[in-house]
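Chains, contacts and geometry: an overview
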Amino acid sequence: MCKFIIKTLGCKTNQVESALIAEILGNHNYIETDEIKEADYYILNSCSVTHTADNKNLSFLRRAKRENPKIRTVITGCMAQLEKENLVRKNIADFVIGNYEKNDIAKILDNKTEYSVSDIFSHNTFRYEKLYQTTRTRASVKIQDGCNNRCSYCTIPYARGKNRSNSIENIVEQINLFADEGYYETVLTGIHIGQWGMDFLPEKHLKDLLQTLEDTKIKRYRLGSLNPTELNKEFIDFLAQAEKFCPHFHLSLQSVCNRTLKAMNRNYTEAQIKELVDYINLKFPNPFIGCDIITGFPDETNEDFENTANNLSGLKLSKIHVFPYSRRKGTPADLMKNQISNEEKKKRAGIIQCISNQKMIEFFNSNLNTQNEVIIEKNRDKKTNFLKGVTKNYINVLIDDKDIYKNSFQKILITGLSNDNKMIAKISKTL
C-alpha cells in the first residue's frame with residue numbers, strides 16, 4: 001500500500017480540506033505517515049495569497065525531492081489553480097490538482113492522472129463530503145467556497161471561483177457528527193463566509209444558518225473572517241443573544257483610510273468601521289475583535305498611513321494581523337502607480353504591530369480576574385506542561401491541573417499573565 005505525507009499552508013479552509021484529503025486517501029487504502037523518507041507521495045495543499053506564500057510552496061516541494069528523490073510530489077490548492085500552466089511547463093511537481101478536484105485525489109493518484117485542473121468558474125455548486133475525524137480540539141466546518149468580490153489586490157477569487165454555499169442540512173449534519181465524536185466547539189470557515197446563502201434561491205443570510213445552529217448538539221461555535229458590511233446592527237443584536245456564539249470577531253478591514261479603501265475596492269468607510277467596532281463593544285462584555293491590515297498599498301501616502309494608524313489606535317480592538325502589501329500579477333493593484341518600497345512597507349507594518357501589541361496588553365488586562373468558559377485541549381502546553389485551552393472570547397489560557405480535565409468543558413477564573421502572552425487560569429467549575 002502507498003504511503004503519503006501531507007503539508008498544509010495557508011487558511012483554515014485549507015486545513016479542513018487537508019483533513020478531508022487524508023480521510024479520503026485513508027478510505028482508499030493509502031497510509032498517512034510523518035516520515036518523508038518512507039512516503040510514496042508528498043502532497044502540498046498550497047496557499048497563494050502573497051508572493052512569499054508562493055516561494056514557500058516551491059521551497060517545500062524542492063525539499064521533499066531533496067530528502068526523498070523517489071517521492072512523487074503533488075501540489076493542490078490555490079497555487080495549483082492559479083499557476084497550473086507554469087507548474088506543468090517547469091515540471092515543478094509530478095501531479096497538479098485543482099481546488100475543485102481535491103476530493104477526487106484518490107482516483108487521480110490511482111489513475112496516475114498527472115494534471116487535473118478545471119476552470120474554477122465553471123462550477124456553481126458546493127462539493128460536500130462528510131469529515132469524520134480532525135486532529136484539532138475545535139472542529140472546523142467549511143460552509144462555503146469562493147468569493148464574488150473583486151478587491152484590487154487579491155487573486156483568491158480566481159483560485160477559488162464564485163461563491164458556492166453548503167446547504168444548512170449538510171452543515172448541521174457535519175456539526176452534529178462532530179458533537180457525537182466528542183467535540184465541544186466548531187469554527188465556521190470558508191473563503192468568504194459572509195457571502196454564505198447569497199447563491200440560494202430564495203437568497204439566505206448567514207444569520208439564517210446561525211439560528212439553526214442554536215439547535216444543534218454542539219456547545220459553541222465561532223465565525224471566520226467577515227467584512228464590515230456583513231455585520232449590521234440587526235445581525236450583531238442576534239449574535240449578542242445567541243447562547244452558542246463565541247464573542248470572537250475577525251474583521252477583514254485591510255485599511256482604515258477612506259482613500260486607500262477606495263483604491264482597494266473595499267466598499268466601506270472609516271466611519272462605518274468605527275461605528276461597527278463601537279457597536280460590538282457596546283453589545284458584548286470583553287469581546288475579542290481582531291482585524292487584518294495591509295501596509296504599503298500602492299500610492300498609500302504617509303498621510304494615508306498615519307490616518308490608518310491613528311484610527312486603529314482609537315479603536316477598541318484586541319489584535320491586529322498586519323501584512324506588508326504583496327504584488328500579485330494580474331490584479332489591478334499590480335499596475336497601479338507609486339508602488340511603495342519593501343523597506344517602507346515593512347517599516348509601516350512594524351508601527352502597526354506595535355499598536356497591536358498595546359491592544360493585546362489592554363485586552364488581557366481587561367480580562368484579569370474574570371470568569372470564562374474554556375475548552376481544555378487534548379495536549380498539554382509544550383513549554384510549561386500546563387493544561388491549555390481557549391476561552392469563549394479567544395484567550396489562550398494555561399491551567400496547572402490534572403489530565404482528567406483534558407478535552408473537557410470548564411468554567412475558569414483568569415488570574416494572571418504568562419511570559420509568552422498566555423493567561424493563567426484555574427478551574428472553578430465543570431460544565
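These numbers were taken from a predicted model, which means no experiment stands behind them.

Two elements in contact, helix 12 (residues 302-314) and helix 13 (residues 342-367), have axes whose closest approach is 10 Å; the angle formed by their N-to-C orientations is 10°. It follows that helix 12 is roughly parallel to helix 13 by the angle criterion. Residues Asn302, Phe305, Ala309, Leu312, Ser313 and Gly314 of helix 12 form the contact with helix 13, whose participating residues are Glu344, Arg348, Ile351, Ile352, Ile355 and Lys359. Of the residues that constitute the contact of helix 12 with helix 13, the class distribution is six nonpolar, three polar and three charged.

Next up on the list: the sheet that holds strand 10 (residues 185-189). The three strands are arranged 7-10-11 in an open sheet whose pairing can be described as parallel. With partners counted over all chains shown, the strands left at the sheet margins are strand 7 (139-142) and strand 11 (220-223), one partner each. In this sheet, neighbouring strand axes are inclined to one another by 30° on average, regardless of whether the strands run parallel or antiparallel. Relative to strand 10, strand 7 is paired through four bridges, and the arrangement is parallel. In the sheet register, Ala139 faces strand 10, and the bridge partner there is Thr186. Along the sheet, helix 7 (residues 168-180) contacts strand 7 and strand 10; its crossing angle with strand 7, the most-contacted strand, is approximately 170°.

This part takes up the pattern of salt bridges. By the definition in use, this model includes 29 salt bridges. Among the ionic pairs, Asp94 bridges to Arg72, the shortest N-O distance being 3.7 Å. Separated by 22 residues along the polypeptide, Asp94 in the loop between helix 4 (84-89) and strand 5 (95-97) and Arg72 in strand 4 (residues 72-77) bring together distant segments of the chain. With a shortest N-O distance of 2.8 Å, Glu234 and Lys207 are connected by a salt bridge.

This next bit is on the pairing of strand 13 (residues 288-295). When you tally the buried positions in strand 13, you get eight out of eight residues, the bulk of the element. Alternating positions in strand 13 separate into two faces, Phe288, Gly290, Asp292 and Ile294 on one and Ile289, Cys291, Ile293 and Thr295 on the other, with burial throughout. Across five bridges, strand 12 (residues 248-254) lies against strand 13 in parallel orientation. Bridge pairing links Gln254 to Ile293 in strand 13. As judged from the six bridges shared by strand 13 and strand 14 (residues 319-324), these two strands associate in the parallel manner. Each residue of the ladder has a partner; that of Ile293, found in strand 14, is Val322.

This paragraph deals with the packing of aromatic side chains. For the structure shown, the criterion picks out 14 aromatic pairs. Taking the centre distance of 5.4 Å and the plane angle of 70° together, the rings of Phe297 and Tyr325 count as edge-to-face. Note that Phe297 is positioned in the loop between strand 13 and helix 12 and Tyr325 in the loop between strand 14 and helix 13, a separation of 28 residues in sequence. Each member of the pair, Phe297 together with Tyr325, is buried. Of the aromatic side chains, those joined through ring pairs into one cluster are Tyr221, Phe245, Phe249 and Phe284. Positioned above the aromatic ring of Tyr100 is the side chain of Arg127, whose terminal nitrogen or guanidinium carbon lies 5.3 Å from the ring centre.

Conventions adopted
Along each chain, numbering runs from 1 in the same order as the chain's sequence is written. Confidence filtering applies because this is a predicted model: local features only for residues at pLDDT of at least 70, side-chain atom pairs given and counted only at 80 or more, and all residues used for totals across whole chains, interfaces and linings. Computation of side-chain values: all heavy atoms of the structure, hydrogens and water removed. Lines fitted to C-alpha atoms define the axes here, with helix axes fitted over just the stretch in contact, and angles between the N-to-C directions of these axes take values from 0 to 180 degrees. Counting from the N terminus, the helices are the DSSP runs of H or I reaching at least four residues and the strands are the DSSP runs of E reaching at least two. For this classification, under 35 degrees means roughly parallel, over 145 means roughly antiparallel, 65 to 115 means roughly perpendicular, and everything else is oblique. Whether two residues touch is decided by their heavy atoms; if any such pair falls within 4.5 Å, the residues are in contact. Under the scheme applied here, ten amino acids are nonpolar (Ala, Val, Leu, Ile, Met, Phe, Trp, Tyr, Cys and Pro), four are charged (Asp, Glu, Lys and Arg), and all others, including Gly, are polar. For two strands to count as paired, DSSP must find a minimum of two bridges between them. Note on definitions: salt bridges are taken to be side-chain nitrogens of Lys or Arg within 4 Å of carboxyl oxygens of Asp or Glu. A simple rule labels every residue: compare its accessible area, found with a 1.4 Å probe on the protein chains alone, to the largest value its type can have, and call it buried under 20%, exposed over 50%, or partly exposed in between. Each pair of aromatic rings taken from Phe, Tyr and Trp, with Trp reduced to its six-membered ring, is defined by centres within 6.5 Å and is described as stacked if the planes are under 30 degrees apart, edge-to-face if over 60, and tilted in the remaining cases. Charge-over-ring contacts are defined here by two conditions on Lys NZ or Arg CZ: a distance within 6 Å of the ring centre and an angle within 35 degrees of the ring normal.

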